[in-house]
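# Examining the three-dimensional arrangement
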Amino acid sequence: MTELIQKLPTGYSFRKLEKSDYNNNYRETLQVLTDVGEISESQFNELFDYWEAANVFHPHVITNEKGIVVAAGMVFFEKKLIHECSLYGHIEDIAVAKSEQGKKLGFSMIIGLSEIAEKAGCRKVILDCSAKNIGFYEKCGFKEAGHNMNKVFV
Ligand code: ACO
């Protein structure tokens, strides 16, 4: 992860999410992306255990020089039938704390998650984003491909 380490400010680290991050600004960081809602510590631990057991979900964080979570992101893998049973990486839920934006943490998160996907053997890594973030993902080496569609149930 040479490119990532070079870009991170001194004292900042990219690492896997830990259970103790429940009390370490993880939920608050994701709040810049969307409404997180009330999540109890036991709900968080249950979700963490589900992610671990599935061995598909790889939530990561960037911590600052005090060890506090200031950026969050997830990559997960999907084994498809197409392209000879290819593995695809999906990047989701990227968030950088407001006060930490503009320090290349978002870029570092995307580089780090992409490298995890590449090392795992993914054919490619894909994500959805709003129009206002297209420029950011282009800076991270992504190309626009298709349109995002959804149907909301709740
Ligand atoms: N449009 C165009 N360029 C941008 C944007 C943008 N919205 N945001 C950052 N950039 C540029 C920067 O200027 C920088 O350019 P440079 O290398 O020429 O100096 C480069 O992209 C890297 O920027 P970072 O400093 O790494 O960006 P930051 O750490 O602020 O993270 C992010 C960007 C993740 C979009 C952050 O602003 C954020 O958390 N926003 C709110 C939540 C959000 O929208 N998350 C993404 C949702 S999409 C998803 O989750 C798959």
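This text gives an overview of the structure that appears in the document. On a predicted model such as this, the values are computed, not experimentally measured, just so you know.

Thresholds applied
- Residues numbered from 1 in each chain as written.
- Predicted model: local features only at pLDDT ≥ 70, side-chain atom pairs only at ≥ 80, totals over all residues.
- Heavy atoms only, no water.
- Helix = DSSP H or I, 4+ residues; strand = E, 2+ residues; numbered from the N terminus.
- Rg over C-alpha atoms; globule rule 2.2 N^0.38 Å.
- Contact = heavy atoms within 4.5 Å.
- Lys, Arg positive; Asp, Glu negative; His and termini not counted.
- Charge placed at Lys NZ, Arg CZ, Asp CG, Glu CD.
- Pairing = 2+ DSSP bridges.
- Axes fitted to C-alpha atoms, helices over the stretch in contact; angles between N-to-C directions.
- Expected span 1.5 Å × (residues − 1).
- Buried < 20%, exposed > 50% of the residue type's maximum accessible area, 1.4 Å probe, protein only.
- Arc of directions from axis to C-beta.
- Near = heavy atom within 4 Å.
- Polar contact = N/O pair within 3.5 Å; in protein donor to acceptor, adjacent residues only side chain to side chain.
- Areas by Shrake-Rupley, 256 points an atom, 1.4 Å probe, with all protein chains shown as cover.
- Nonpolar A, V, L, I, M, F, W, Y, C, P; charged D, E, K, R; others polar.

### As for the overall build of the chain
When its secondary structure is counted, the chain shows six helices and five strands. Its helices and strands taken in sequence order, the chain reads α-β-α-α-β-β-α-β-α-β-α from the N to the C terminus. Whereas a compact globule of 154 residues would reach a radius of gyration of roughly 15 Å, the chain reaches 16 Å, a difference of no more than 12%. Across its three principal axes, the chain shows a C-alpha extent of roughly 45 × 35 × 30 Å. A separation of at least 24 residues holds for 62% of the contacts in the chain among residues at least 6 apart in sequence. One finds the centroid of the 18 positive side-chain charges in the chain at a distance of 6 Å from the centroid of its 21 negative side-chain charges.

### Digging into the sheet that holds strand E3 (residues 69-79)
Strand pairing in a sheet relies on backbone hydrogen bonds, with the paired strands running either antiparallel or parallel. Ordered by their spatial adjacency, five strands build an open sheet running E1-E2-E3-E4-E5, and the pairing between neighbours is mixed. Both outer strands of the open sheet, strand E1 (13-16) and strand E5 (124-126), are each paired with one neighbouring strand and no more. Each strand axis lies, on average, 25° off the axis of its neighbour in the sheet, ignoring direction. In the packing of helix H5 (residues 105-119) onto the sheet, the strands contacted are E1, strand E2 (57-63), E3, strand E4 (87-96) and E5, and the crossing angle to E3 comes to about 25°.

### Some details on helix H3 (residues 41-54)
For H3, spanning 14 residues, the distance from its first C-alpha to its last is 20 Å, which sits close to the expected 20 Å at 1.5 Å a residue. Within H3, the full set of buried residues consists of Phe44, Phe48 and Trp51. Relative to the axis of H3, the buried residues are bounded by an arc of 60° and lie together on one face. For H3, the exposed residues set more than 90 degrees away from the buried face come down to Ser42, Glu46, Tyr50 and Ala53. Buried residues belonging to H3 abut helix H2 (26-30), E2 and E3.

### A short note on the site of the ligand
Contacts to the ligand come from 22 residues, most closely from Ile94, Val96, Lys104, Gly106 and Phe107. Within the contact set of the ligand, an oxygen atom lies 2.8 Å away from a backbone nitrogen or oxygen of valine 96. Between the ligand and glutamine 101 there is a distance of 3.4 Å, counted from an oxygen atom to a side-chain nitrogen or oxygen. Out of a free accessible area of 980 Å², the ligand has 74% covered by protein chains. Listing elements by their share of the shell around the ligand, those giving two or more residues are E4, H5 and helix H6 (134-139). In terms of residue count, E4 provides more of the shell around the ligand than any other element does, five residues in total. Class assignment of the residues belonging to the shell around the ligand gives a composition of eleven nonpolar, five polar and six charged.

None of this, on its own, says anything about what the molecule does.
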